[in-house]
Amino acid sequence: MKLRIIVGLSLVIISTVFSVDFVYAHGFGERYDLPIPINYFLLGAAGAVAVSFFVIGWFMRHGAQNSEYPRLNLFKWKWAIQIGNILSVFGRFISVILLIVTVYAGLFGVHEPLDNFAPTFVWIIWWVGIGYISAFLGNIWAVLNPWYVIFRWAEIFLGINRRHILPWPKKLDSWPALMLFFLFAWVENVYSGAAQPFNLAILIILYSIFTFTGMTLFGKHVWLKNADPFFVLFSLFARFSPTEVRVIKNNNYNNVCENCTLGCFQNSDLPDCVDCYECWENSEKILKQFSLRPWSVGLSRGERVTPALAAFHITALATVTFDGFAETPAWVSIQTLVWNLISYLPGRTSATIETLGILIIPIVFALVYIQVCRLVSKVSAGQMSHKAVSLSFVFSLVPIALAYNLSHYLSFILISGQQILSLLSDPLGIGWNIFGTANHKVNIAVIDARFAWITSVVSIVLGHIISVFIAHVISLRRTTSNKIAVRSQYPMLALMVFYTVISLWIVAQPIVE
C-alpha cells in the first residue's frame, strides 16, 4: 500500500510541475504577459486537482487504524538535546531583545515607517516570516514567543508554582482568540495608522499588558491556547511542519498529562501526548521526544477541534484571501457600488467598506464550508455525522491557506524584507551603523515576475492536492471502506477545485489587468 501511495503522489506532483507554462518577464514594475490566456491556467489547475483526487483514491485504499505515522526521535542522541537547549536559550534571549528594540524604536525612533525598525520587523519579518517557519520547520513561536519567555522568567525568578488564579470558563472556549484575530486583521487591513512606528509601539504595549494579565489570571498555557490568536494560528500552521514535540506515556513516571489544564488527551487516538507544550514543559526529560516526521501528517490525525477553533481555522483562510482580493479590480468595483449605498454614513466610508469585507468574507466561507460538510455527511451513508465532519476536516484547509500565503507574500518578504538588514544597524533611523549594514540597498531583482507566477501556480495546485490527500486520509479513518471514503469526498473535491480557481484568479490579477 505504501508503494501505491508513493507512486500515486509522485505521478500527481510530476504532472503538476510539467503542466506549468512560463511567464516571460524582466522584473517587477515592467510589463509582462502570460504565454497563454489565464482561463487555460485556471482550467489546468482545476483539472490537476481533480485528477489528483482519483489518483489518491485509487492508490490509497486503506486507512491506518490509528493516527500514528513514521517519525525519527532526535532526542535519542545527547548531542541533539544539547544543541536544542543551546538554541532554545539563545533564541529566547534574542526574541526578548527584538521585542524591546521594536517597542523602543517605535516610541523614540523616526516617524517615517521605511526608516524605522518597528514596521518592517512586525509586518514582514515577524508576521509573514514566522508563519513560513512554523509551517516548513516547526512551531518556533511556541518556544520563542517573547511574552511567554518573559512570563516564564518572572515565574522562575519569583518562585511561583501556581498555575492560575481563575479557571478558564468552558463556554468561552477559544472564542477570545477568534475575536482578537478579527481585531488584528482589521488593524492590518483597515487601520491606516498600523504602519506608523509610534502607533505600532502603543499597540504592542497594550497587547503586552493584556497578555500578561491574562496569563497571570488563567495560566500561561491556558491563555495562549484559548485567547492568543498568534499562538493558535502558528500552532495550526505548525501541524504541517516536519517536526513535533511529544511526551511518551510511561507508567514508571508521573503522568503529567492527567493534570494538563489543556486536556491534551481529549479527541485524540494517539498513545502519546503530541504538541502539548504544557506537558512538554512539566514532564521528565526521559519522556520528551523531539521528532522528525513527514510534512503534513500532523494535519491528518483528524482530531475533532472545538467549534471555536474550527471557526478560527476558517477565518484564517478567509482573511488572507480577502487580503489578496482587496487588491483586485473586482474589489474596487464592489467598493464603488457599496460606497454609493452607504456614503451618507458618518466616518470614513472606505474604512467602513473594508471592515464589512473582513467580517462578511469569513462568514461566507464558513457557510460554504458548513454546507459542504453537510453534503459529505449525507453522502457517507451516515458513517460521519455533520458535526464530526465539520470539526475534523477543517485541518484539510490548512495546506490551502499555506499555499495562498506563499503565493501572496513571497515577493513581499523577499524584496521588502531586505530592508531589515539596514534597519538592524540603524533601528531608530538616526544615522547609526551598528553592524555595518546601514547602507544596504534593496535588490528588487532577487525575484522576477516569471518566478513568482510559477511559484504561485505550483504552490496553489500542490497545496490543494495535499488538502485532497489529507481529507481522504481522515475520511478513510472514519468510514468502513474506500468506496464510501471516496464517495463522501466528492463535495469536498468540488470545494477544493473551486477554491483553486479563485486563488489563482486573485494572484493573476496584477498580470492580466
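In this report, the structure presented in the accompanying data block is examined. Small disclaimer: the values here were computed from a predicted structure and weren't measured.

**So, the overall build of the protein**
And step 1. Of the regular secondary structure elements, the protein holds 20 helices and 4 strands.
And step 2. A separation threshold of at least 6 residues defines the contact pool for the protein, and within that pool the share at least 24 residues apart is 80%.
And step 3. Just so you have it, the protein exposes about 24,800 Å², and 67% of that area is on carbon and sulfur atoms.

**A short note on the pairing of strand β2 (residues 243-247)**
And step 1. The buried count for β2 comes to 5 of 5 residues, which makes it a mostly enclosed element.
And step 2. Here β2 shows two buried faces, one formed by T243, V245 and V247 and the other by E244 and R246.
And step 3. Across 5 bridges, β2 lies against strand β4 (residues 288-292) in antiparallel orientation. Following the sheet pairing, R246 is matched in β4 by Q289.
And step 4. Inspection of the sheet shows β2 paired to strand β3 (residues 273-274) by 2 bridges, in the antiparallel sense. Residue R246 lies in a different strand from β3, and its bridge partner there is V274.

**Topic: the packing of helix α4 (residues 117-136) against helix α8 (residues 197-218)**
And step 1. In contact at an axis separation of 8 Å, α4 and α8 are set at 55° when each is read in the N-to-C sense. The angle between the axes of α4 and α8 places the two elements in the oblique class. Relative to α8, the crossing made by α4 is left-handed. Contact residues: A118, P119, V122 and W123 in α4; P197, L200 and I204 in α8.

**As for the packing of aromatic side chains**
Each aromatic ring pair is specified by the distance between its two centres and by the angle formed by the two planes.
And step 1. Taken as a whole and judged by the stated rule, the model has 34 aromatic pairs.
And step 2. For the ring pair F117 and F121, a centre distance of 5.1 Å and an interplane angle of 15° mean the geometry is stacked. Of this pair, F117 and F121 both sit in helix α4, separated by 4 residues, roughly a single helical turn. By the burial criterion, F117 is buried, and F121 matches it.

**Some remarks on the sheet that holds strand β1 (residues 72-73)**
And step 1. The strand order across the open sheet built from 4 strands is β1-β4-β2-β3, with neighbouring strands paired in antiparallel fashion. With partners counted over all chains shown, the strands left at the sheet margins are β1 and β3, one partner each.

**What to know about the environment of I94**
And step 1. Structurally, I94 can be placed in helix α3 (residues 78-108).
And step 2. Residue I94 is classed as partly exposed on the basis of its relative accessible area, which comes to 32%.
And step 3. Separated by 52 residues in sequence, I94 and P146 have C-alpha atoms that sit 8.9 Å apart.

**Describing the environment of P510**
And step 1. Inspection of the secondary structure assignment puts P510 in helix α20 (residues 490-512).
And step 2. P510 gets classed as exposed once you look at its relative accessible area, which sits at 60%.
And step 3. Once the C-alpha coordinates of P510 and P329 are considered, the two residues, 181 residues apart in sequence, prove to be 9.2 Å apart.

**Overview of the pattern of salt bridges**
And step 1. Considering all chains together, one arrives at 7 salt bridges under this definition.
And step 2. We note a salt bridge from E281 to R152, for which the minimum N-O separation is 3.8 Å. You can see E281 sitting in helix α11 (residues 277-282) and its partner R152 sitting in helix α6 (residues 146-158), a full 129 residues away along the chain.
And step 3. A salt bridge links K220 to E155, with the shortest nitrogen-to-oxygen separation between them at 2.8 Å. Note that K220 is positioned in helix α9 (residues 220-227) and E155 in helix α6, a separation of 65 residues in sequence. In terms of burial, K220 and E155 fall into one category: buried.

**So, α6**
Structural remark: α-helix, 3.6 residues per turn; residues separated by three or four positions point the same way.
And step 1. Between its first and last C-alpha atoms α6 spans 18 Å; for 13 residues at 1.5 Å apiece the expected length is 18 Å, and the two agree.
And step 2. Of the residues making up α6, those classed as buried are P146, W147, Y148, V149, F151 and E155.
And step 3. Looking at the packing, one finds that the buried side of α6 touches α3, α5 (140-144), α8, α9 and α11.
And step 4. N-cap assignment for α6: the residue whose side-chain oxygen lies 3.1 Å from the backbone N of W147 is N145.
And step 5. Backbone geometry just downstream of α6 places G159 in the positive-phi region, at approximately 70°.

**What to know about unusual backbone geometry**
And step 1. At D173, a residue that is not glycine, the phi angle is positive and equals roughly 50°.
And step 2. When you line up the elements, D173 lands in the loop between α6 and α7 (175-189).
And step 3. Assessed through its relative accessible area of 14%, D173 is described here as buried.
And step 4. Its identity is not glycine, yet D275 carries a phi of approximately 60°, on the positive side.
And step 5. Using a relative accessible area of 25% as the deciding quantity, one classes D275 as partly exposed.

Basis of the calculations
- Residues numbered from 1 in each chain as written.
- Predicted model: local features only at pLDDT ≥ 70, side-chain atom pairs only at ≥ 80, totals over all residues.
- Heavy atoms only, no water.
- Helix = DSSP H or I, 4+ residues; strand = E, 2+ residues; numbered from the N terminus.
- Contact = heavy atoms within 4.5 Å.
- Areas by Shrake-Rupley, 256 points an atom, 1.4 Å probe, with all protein chains shown as cover.
- Buried < 20%, exposed > 50% of the residue type's maximum accessible area, 1.4 Å probe, protein only.
- Pairing = 2+ DSSP bridges.
- Axes fitted to C-alpha atoms, helices over the stretch in contact; angles between N-to-C directions.
- Parallel < 35°, antiparallel > 145°, perpendicular 65-115°, else oblique.
- Left-handed = near helix turned anticlockwise from the far one by under 90°.
- Phe/Tyr/Trp six-rings, centres within 6.5 Å; stacked < 30°, edge-to-face > 60°.
- Salt bridge = Lys/Arg side-chain N within 4 Å of Asp/Glu carboxyl O.
- Expected span 1.5 Å × (residues − 1).
- Polar contact = N/O pair within 3.5 Å; in protein donor to acceptor, adjacent residues only side chain to side chain.

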